[in-house]
Amino acid sequence: MFPSCISKPADSGGKRSSVAKLLLGVFVVYMLHTAWLLYGFLNTKPCDRSRGEHCVASYLAVRPRLQLSVFTCLLPDNSQLNLAVKIDPFDPHSTFERRVNVSLPEETRANGTLYAVVYVHKAGVSPLEDSREVHYAAQLTTYITPPHAEGQKNTQKSPRPVSHWRPHLSVTMMSEDFTFNKAGLPSDVRRYMRVSQDGRQMIYLPLLLVNELNFRVRDLMEISSSTLQLPLTVSYEGISLRGFRFWVHLQDMVYSLRQFGFTEENIDEIKETLVGSNLYLLVLTAMITALQLICEFLALKNDISSWRKKKSMVGMSRKSVLWRSLSTLLIFLHLLEETSLLVLLPVGLGACVEVWKVFKVFKIQLQCKSNKLHVNKLDEEERKTVEYDTQASRYLSYLVYPLCISGAVFSLAYLRQKSYYSWLINTLVTGVYAFGFLSMAPQLFINHKLKSVSHLQGTVLMYRGVNTLISDLCSCASFFSSTGSFSSSHQLSCFRDELLFFLYLYQRRRYASKPRRREPVTHTKKVKTQ
């Protein structure tokens, strides 16, 4: 965080630039590889027997008479199965929904678990006697901390997780009659595939899946010892091969997020986005996210490089740098309570960089011999910059302070629902999100007074401006798709950051420093005097 006291070799900058280019190249190669995988995912080629390929046909191609049965049990095995739903005859291409009441065993009511086993088998035959049945087991209960016990987490004895009921069971199955090439079976499909021999032909049994993405934490129902029955809604939908692979990959992604430490509430928000979007929109979102990551990486790289080389702080707004540092730290503290380590790492890295820039702009150095902080003196031009910065901050305070105080008073109505620490952090973070865009205003004022923008790193601002513009365009697009119309307040909230960014572009064009013209060199001959 503090400037290092050890001198570094002169070519260290070149090495860092090479490493940054290497990392950027690896990232680009990774994105190209991901695009190639997506292309293969969207274009699965069927088997061609005329070319001598070994094919695996679908069991559904012969139109067998099937039955769908849902059983409940304490363990996901073939013992003590209790029939809950029976669909006979069962059409794989259909869509239906059944609502039943499930009786809870005594073990489940005593904070235990309960499973659902979905069978697709021959109609009129027990699934345990059918050699070509397929089944999928899913939990109907899950353990979470009750909402009313959240306030007891600070006590010495933490609350015990309680079994909750999942009232929705969403079943999906690939109903498309697709013939696979045995040598080119996709790995995601192979996990769910059971192959059977029918004479000389190989057939695969129906690909069955329980859709976990439709599960939401807010739908859970607490199970008490007096609960005898609970409702269960069983829904079914036949999907294509592309849709089946799509859901498999999404469920794997949700599982990975859970392993990385994402909370169930954060995963629910991601599920809402995934379920409400189609495949092509998600691919577009992934490409936009990759573009934003590249812009943010390049902005951070150039920002650190330019600030390391900066010796004079003429034209740099202290208040803007300090405000950005405090706002980043507040957002980090806010996310520290409810976000996973995967999200905290980049935010924490950005906060460290912003704190380091505060020490640079205030000219605070660590003396190696005495281990004390030393503040260097400002020259005449730097003192003039501080005066402009103070003047701009005073004008800005006339607008920001009343808005922040009124927002804090308004948020007092929610103080009873949260602790004082959470209320303070949430109030400050809300102020940062609402008025953080004004942090660039003092810097624009200094640029106007100095009639110059040469002290700013234009590449960093361009990268971050493009990144912010993409985010705001996506935000407005999602708002428009959900409501069908724009409101003037939402337009202002989306593009208020761009207003100051465009002002900077105007200043950059107006105050662009012209290159100095070199004076021609004249050679004079000496005249010898006699």
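In the block above lies the structure referred to throughout.
Residues numbered from 1 in each chain as written. Predicted model: local features only at pLDDT ≥ 70, side-chain atom pairs only at ≥ 80, totals over all residues. Heavy atoms only, no water.

Caption draft 1: Region of the structure containing the packing of aromatic side chains. Here the structure, examined in full by the defined rule, presents eleven aromatic pairs. Every member of this aromatic cluster is reached through a ring pair, and the members are Phe90, Phe96 and Tyr236. It is Arg166 that lies over the ring of Phe215; its NZ or CZ is 4.0 Å from the centre. Taking NZ or CZ as reference, Lys310 lies 5.8 Å from the ring centre of Trp307, over its face. (Phe/Tyr/Trp six-rings, centres within 6.5 Å; stacked < 30°, edge-to-face > 60°. Lys NZ or Arg CZ within 6 Å of the ring centre and 35° of its normal.)

Caption draft 2: Local environment of the environment of Arg49. Note that Arg49 resides in the loop between helix 1 (12-42) and strand 1 (55-58). Accessibility expressed as a relative area gives 48% for Arg49, which makes it partly exposed. As for Arg49 and Thr179, which are separated by 130 residues in sequence, their C-alpha atoms are 9.9 Å apart. Apart from the residues lying within four places of it in its own chain, the contact partners of Arg49 are Cys55, Ala57 and Gln201. (Helix = DSSP H or I, 4+ residues; strand = E, 2+ residues; numbered from the N terminus. Buried < 20%, exposed > 50% of the residue type's maximum accessible area, 1.4 Å probe, protein only. Contact = heavy atoms within 4.5 Å.)

Caption draft 3: Representation of the pairing of strand 9 (residues 168-174). In terms of residue burial, strand 9 counts as a mostly covered element, since six of its seven residues are buried. The pairing of strand 9 with strand 13 (residues 208-210) spans three bridges and is antiparallel. Within strand 13, the position partnered with Val171 by the bridge is Val210. (Pairing = 2+ DSSP bridges.)

Caption draft 4: Representation of a nonpolar patch on the surface in the model. Taken together, Tyr401, Ile405, Val409 and Leu412 make up a surface patch of nonpolar side chains, about 430 Å² in accessible area. What makes Val409 exposed here is its relative accessible area of 53%. (Patch = residues over 30% accessible without salt bridge, like charges linked within 9 Å, V, L, I, M, F, W, Y side chains within 5 Å. Areas by Shrake-Rupley, 256 points an atom, 1.4 Å probe, with all protein chains shown as cover. Salt bridge = Lys/Arg side-chain N within 4 Å of Asp/Glu carboxyl O.)

Caption draft 5: Representation of unusual backbone geometry within the structure. In this structure, the amide linkage connecting Asp88 to the following residue, Pro89, adopts the cis form with an omega of 0°. Topologically, Pro89 is positioned in strand 3 (residues 82-90). Backbone geometry at Asn111 places phi at a positive 60°, although glycine is not the residue there. For Asn111, the location among the structural elements is in the loop between helix 2 (106-109) and strand 5 (115-122).

Caption draft 6: Highlighting the pairing of strand 2 (residues 66-73). Most of strand 2 is tucked away: eight of the eight residues are buried. Both faces of strand 2 are covered, namely the face carrying Leu66, Leu68, Val70 and Thr72 and the face carrying Gln67, Ser69, Phe71 and Cys73. As defined by bridge partners, strand 2 adjoins strand 5 across eight bridges and the pair is classed as antiparallel. Opposite Leu68, over in strand 5, you have Val120 as the bridge partner.

Caption draft 7: View of the environment of Met193. Inspection of the secondary structure assignment puts Met193 in the loop between helix 3 (187-190) and strand 11 (195-198). Each C-alpha atom of the pair Met193 and Tyr204 lies 6.4 Å from the other, and the pair is eleven residues apart in sequence.

Caption draft 8: Structural detail: the sheet that holds strand 12 (residues 201-204). Read across the open sheet, the four strands follow the order 10-1-12-11; overall the sheet is mixed. Sheet topology places strand 10 (180-181) and strand 11 at the edges, where each strand pairs with a single neighbour. In the sheet, strand 11 pairs with strand 12 via four bridges, with the strands oriented antiparallel. Considered in strand 12, the bridge of Gln197 is made with Met202.

Caption draft 9: Focus on the packing of helix 4 (residues 241-259) against helix 5 (residues 264-275). As a packed pair, helix 4 and helix 5 sit with axes 10 Å apart at the nearest point and diverge in direction by 160°. The orientation of helix 4 relative to helix 5 falls into the category roughly antiparallel. Helix-helix and strand crossings are classified by hand; for helix 4 and helix 5 the assignment is right-handed. Facing helix 4, whose interface residues are Trp247, Leu250, Met253, Val254, Leu257 and Arg258, helix 5 presents Glu264, Ile267, Ile270, Lys271, Leu274 and Val275. Looking at the contact of helix 4 with helix 5 residue by residue, the classes come out as nine nonpolar, no polar and three charged. (Axes fitted to C-alpha atoms, helices over the stretch in contact; angles between N-to-C directions. Parallel < 35°, antiparallel > 145°, perpendicular 65-115°, else oblique. Left-handed = near helix turned anticlockwise from the far one by under 90°. Nonpolar A, V, L, I, M, F, W, Y, C, P; charged D, E, K, R; others polar.)

Caption draft 10: Summary view of the side chain of Lys363. One can find Lys363 in the loop between helix 8 (341-361) and strand 16 (364-367). Taking relative accessible area as the criterion, Lys363 reaches 16% and is therefore assigned buried. Setting aside residues up to four positions removed in sequence, Lys363 forms contacts with Lys311, Met313, His374, Val375, Asn376, Lys377, Leu378 and Glu382.

Caption draft 11: The arrangement of the nonpolar core in detail. Of all hydrophobic cores here, the largest spans 59 residues; its most connected members are Leu68, Phe90, Trp165, Leu169 and Phe180. Of the residues forming this core, the biggest block, eight residues, is contributed by helix 4. For Leu68, the residues in contact, after removing those within four places along its chain, are Val85, Lys86, Ile87, Phe90, Phe96, Val118, Tyr119, Val120 and Tyr236. Counting 15 residues, the second largest nonpolar core, distinct from the first, contains Trp307, Val321, Val358 and Val453. (Core = buried A, V, L, I, M, F, W, Y, C linked by side-chain atoms within 4.5 Å.)

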